[in-house]
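# Working through the structure, step by step
Each chain, written out:
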Protein chains: 2
Amino acid sequence: MNVHKFVLPEIIFGNHTISQIGDCCLRLGASNVFIVSDEGILEAGWLDKVVESCEEAGLKYTTFTEITINPKDYEVEKGREVYLESQCDAVIGVGGGSTIDAAKAIALLSTNEGHIRDYEGVDKIKHPLPPQIMVPTTAGSGSEVSPFSIILNTEERKKMTIISKSLIPDIAIVDPETLVTKSTHLTVSTGIDVLTHGIESYISLAATPLTDVHAKNAISLVGKYLRSSVASQYNKEAKTHMAMASLQAGIAFSNAILGAVHAMSHAVGGRYPILHGDINSILLPHVMEYNLLANPEKFADIAYLLGLKDHNISNMEAGKIAIHLVNELIEDIGAPQKLSELQVDDSEIAEMSYTALHDACMLTNPRDVTVSVIEQLFRKAW
Amino acid sequence: MNVHKFVLPEIIFGNHTISQIGDCCLRLGASNVFIVSDEGILEAGWLDKVVESCEEAGLKYTTFTEITINPKDYEVEKGREVYLESQCDAVIGVGGGSTIDAAKAIALLSTNEGHIRDYEGVDKIKHPLPPQIMVPTTAGSGSEVSPFSIILNTEERKKMTIISKSLIPDIAIVDPETLVTKSTHLTVSTGIDVLTHGIESYISLAATPLTDVHAKNAISLVGKYLRSSVASQYNKEAKTHMAMASLQAGIAFSNAILGAVHAMSHAVGGRYPILHGDINSILLPHVMEYNLLANPEKFADIAYLLGLKDHNISNMEAGKIAIHLVNELIEDIGAPQKLSELQVDDSEIAEMSYTALHDACMLTNPRDVTVSVIEQLFRKAW
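Residues numbered from 1 in each chain as written. Chains lettered and ligands numbered in written order. Predicted model: local features only at pLDDT ≥ 70, side-chain atom pairs only at ≥ 80, totals over all residues. Heavy atoms only, no water.

Identification of chain A as 1,3-propanediol dehydrogenase from Ureibacillus xyleni is taken from an unreviewed UniProt entry. The heading Sequence similarities (unreviewed entry) in the UniProt record of chain A holds the text "Belongs to the iron-containing alcohol dehydrogenase family." (UniProt positions renumbered as here; feature names shortened; annotations may be inferred.)

### Thoughts on the nonpolar core
Among the nonpolar cores identified, the biggest contains 166 residues, and F378(A) and F378(B) are the most heavily contacted of them. Residues contacting F378(A), with those up to four places away along its chain left out, are M264(A), V268(A), L283(A), L339(A), I349(A), M352(A) and S353(A). (Core = buried A, V, L, I, M, F, W, Y, C linked by side-chain atoms within 4.5 Å. Buried < 20%, exposed > 50% of the residue type's maximum accessible area, 1.4 Å probe, protein only. Contact = heavy atoms within 4.5 Å.)

### Comments concerning the interface of chain B and chain A
With 30 residues of chain B at the interface, the matching set in chain A holds 30 residues. Note on chain B versus chain A: buried area summed over both sides is about 2300 Å², and carbon and sulfur give 66% of it. Applying the counting rule to chain B against chain A returns two salt bridges. Across the salt bridge formed by K165(A) and E10(B), the nearest N and O atoms sit 3.0 Å from each other. Viewed at the interface, chain A and chain B are joined by nine residue pairs in polar contact (both at pLDDT 80 or more). Those elements that provide at least two residues to the side of chain B that touches chain A are β1 (4-6), β2 (10-13), α7 (209-231) and α8 (236-256) of chain B. Looking at side-chain class alone, the side of chain B that touches chain A contains 16 nonpolar, 10 polar and four charged residues. Pairing analysis gives three bridges linking strand β1 (residues 4-6) of chain A to β2(B), with the strands arranged antiparallel. Pairing of K5(A) across the sheet is with I12(B), part of β2(B). (Buried area = accessible area lost by both parts, 1.4 Å probe. Salt bridge = Lys/Arg side-chain N within 4 Å of Asp/Glu carboxyl O. Polar contact = N/O pair within 3.5 Å; in protein donor to acceptor, adjacent residues only side chain to side chain. Helix = DSSP H or I, 4+ residues; strand = E, 2+ residues; numbered from the N terminus. Nonpolar A, V, L, I, M, F, W, Y, C, P; charged D, E, K, R; others polar. Pairing = 2+ DSSP bridges.)

### Regarding the relation of the copies chain B and chain A
By a simple turn and slide, chain B fits onto chain A: the slide is 0.0 Å along the axis, the RMSD is 0.0 Å, and the turn is 180°. Such values leave the two copies arranged in the relation of a two-fold axis. For chain B, the smallest separation between a C-alpha atom and the rotation axis is recorded for V213(B), amounting to 2.8 Å. The residues that chain B uses at the interface reappear at the interface of chain A in 100% of cases, marking a shared surface. (Least-squares fit on C-alpha atoms with pLDDT ≥ 70 in both.)

### Side note on the UniProt feature "domain: Alcohol dehydrogenase iron-type/glycerol dehydrogenase GldA" (unreviewed entry) in chain A
Residues annotated by UniProt as "domain: Alcohol dehydrogenase iron-type/glycerol dehydrogenase GldA" (unreviewed entry) correspond here to residues 10-176 of chain A. Each end of residues 10-176 of chain A is marked by a C-alpha atom, and these two atoms are 17 Å apart; helix forms 32% of the span and strand 26%.

### Notes on the domain arrangement of chain A
All names here are of chain A. Here chain A is partitioned into domain 1 (10-178) and domain 2 (183-381). Measuring from the centre of the C-alpha atoms in domain 1 to the corresponding centre in domain 2 gives 25 Å. Interface area, domain 1 with domain 2, both sides summed: about 2200 Å², of which 63% is carbon and sulfur. It is F13, R157 and K159 in domain 1 that bury the most area against domain 2; as a group they hold 25% of the surface buried on that side. Run the count over domain 1 and domain 2 and you get two salt bridges. On the surface where domain 1 and domain 2 come into contact, there are nine residue pairs in polar contact (both at pLDDT 80 or more). Those elements giving two or more residues to the side of domain 1 that touches domain 2 turn out to be β2 (10-13), β8 (148-153) and β9 (158-163). Residue contributions to the side of domain 1 that touches domain 2 peak at four residues, all from β9. (Domains from an automatic or database assignment.)

### Re the sheet that holds strand β10 (residues 171-174) of chain A
The sheet built from seven strands is open, its strands ordered β4(A)-β3(A)-β5(A)-β7(A)-β10(A)-β2(A)-β1(B) with mixed pairing. The strands lining the two open edges of the sheet, one partner per strand, are β4 (60-64) of chain A together with β1 of chain B. The average angle at which neighbouring strand axes cross in this sheet is 15°, direction not considered. Across four bridges, β2(A) lies against β10(A) in parallel orientation. When the sheet's bridge partners are listed, I12(A) is paired in β10(A) with I173(A). Strand contacts of helix α4 (residues 73-86) of chain A: β3 (32-36), β4 and β5 (90-95) of chain A, with the helix running at about 160° to β4(A), the strand carrying the most contacts. The strands touched by helix α5 (residues 97-111) of chain A within the sheet are β3, β4, β5 and β7 (132-136) of chain A, with β5(A) carrying the most contacts at an inclination of about 170°. (Axes fitted to C-alpha atoms, helices over the stretch in contact; angles between N-to-C directions.)

Here you go:
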């Protein structure tokens, strides 16, 4: 038996919990907070809610909204400058995975010298970080509970994975109300990301009984509520279940890590400004087909979690149905199915495959992978 | 929707993880640790393992083993004296729930003045506690992850429940190897305690999707492995699953709290030196019968988790089968079934019922309860 490690931030989940952020900051000893967000959240009015709560708590604050999707090294380095100038003592991130990853990277740089590149990999952080409170607004990334920050190295066109316990926020505030301002495209894309987190962490080589329970619940909730969440921007029941699915998938992959879909997706996302969930949607069924051999029993479980009723079939048969059910969901909600649709250039396959092979997420993929396997998977997904 | 809060310590689970305790202490900044344990753990050799790991890490240490089952106010106050004399800066607890609860209470008293009685109830602790690392050795209490400490008020013959986030340890080290030295009686008693934690937290009014997944897995693991764990002291597979069941039940009830079984059990345990799990074993089926009305759907789930296959029956029918399956398990492993077996005096029913009604655990019981209901339940259990 391997040793299972399991770490989580304090979690607060529920409608209107965004207004608890000021009190949470006080509880962590903050007096002057740095609020990282993006233009979309500003327009949707959520940043105002956060600022209001901070003002009510008597906190000073500085807002920083210069974050874009697939957040860039120069953005977080600019964030550090503003943080230090403002003499802040805590970091709040409000937004999707990109914004939260950027907020964590700014927290890192606020107490650790050098370039964000210097911290790529596992456990490179030397000095303690300021308190971090994260408020996800997309039901997708799970970054609010994870020890990861994914930042784009713009020089090398490569997504860097930074992993450290110091990047686990102190408090994650998950307010499903924030999801009603999401576009349909974002609901589709982040929903498939949640499914991918659930599936990859469930079949990961580092999965444990503690992560499995959350991964399974996340898969089941996506199967039940992603369609209705895509169908209506205002279906609050569906949004609440998707927020819980995202949180539980985040808890699972934070402790069980992921697999080949994410490794390959990071390689594509490093080169093209495409939503992470859109790339996952294209890759997931092909990688599942390849990985089925590694764990037919868990693939069968996935099929039952997604609605299969027939228990009189073999695990391999049920596992194939799991792939079929994932494809059906992707089709139903209109998620992308081919990389060529997204204008990805196939002359980059060799380089992207090499990058994917060396991504930290590949280490826990349940089936052995080579560069040529990855190339074949990319070609199938074209 | 209520706000769901979820907090956990860092968890390390696996065989031989007890030898990581020294490193964990260093990581938390400790240099001189106070090791709380009991005579049984000393005899079984586990205290030596802990001391060895602390010595290897270059830590100073003081051991304190004057803890008995249903730990007493004067024991933890004595512990504080020794802690302060020894100028320790961290607390380790190694043992069953009694020992871990006592270790937490000593940590509390080391930085907070007055009598342990002064801290009964919710959030009465004023000053931060020293780092706490807990190593459970019984697969029962779940105290290694909980915000509770239950201490006996010897003057009033009453178990006091102390609840505070400060009592959540920093690190829980769960080493299933430690279970092979448990007596059969203790395996039976703590195993039923785990089942009770799983069931009461699952049907609790404060249950959430985050706690439900752990409660369900705990119930299912007890159903599958408690019999074989009782059958053989050396069945390591069964012990590992029971250690995981105990941990997951602990995670569930730490965040969803418990119900009438625990409220009533605390009232009995305050008056008689009986193992907590033995009292739960007697009360659980009767309280389940009473609570069934409150949540037939979740009771039906419990039946399926315990092995029921027939899905063509109503939730009420399945819920009754859940009670039958719990009774069957209790009979199979020879757990106690009547309070009179344990020499409890029935003249104390009225007073114990009054005490139980005011126990913190009663607040989350899914069905309304009055003193006369509790009296009737006690009489049924005689």
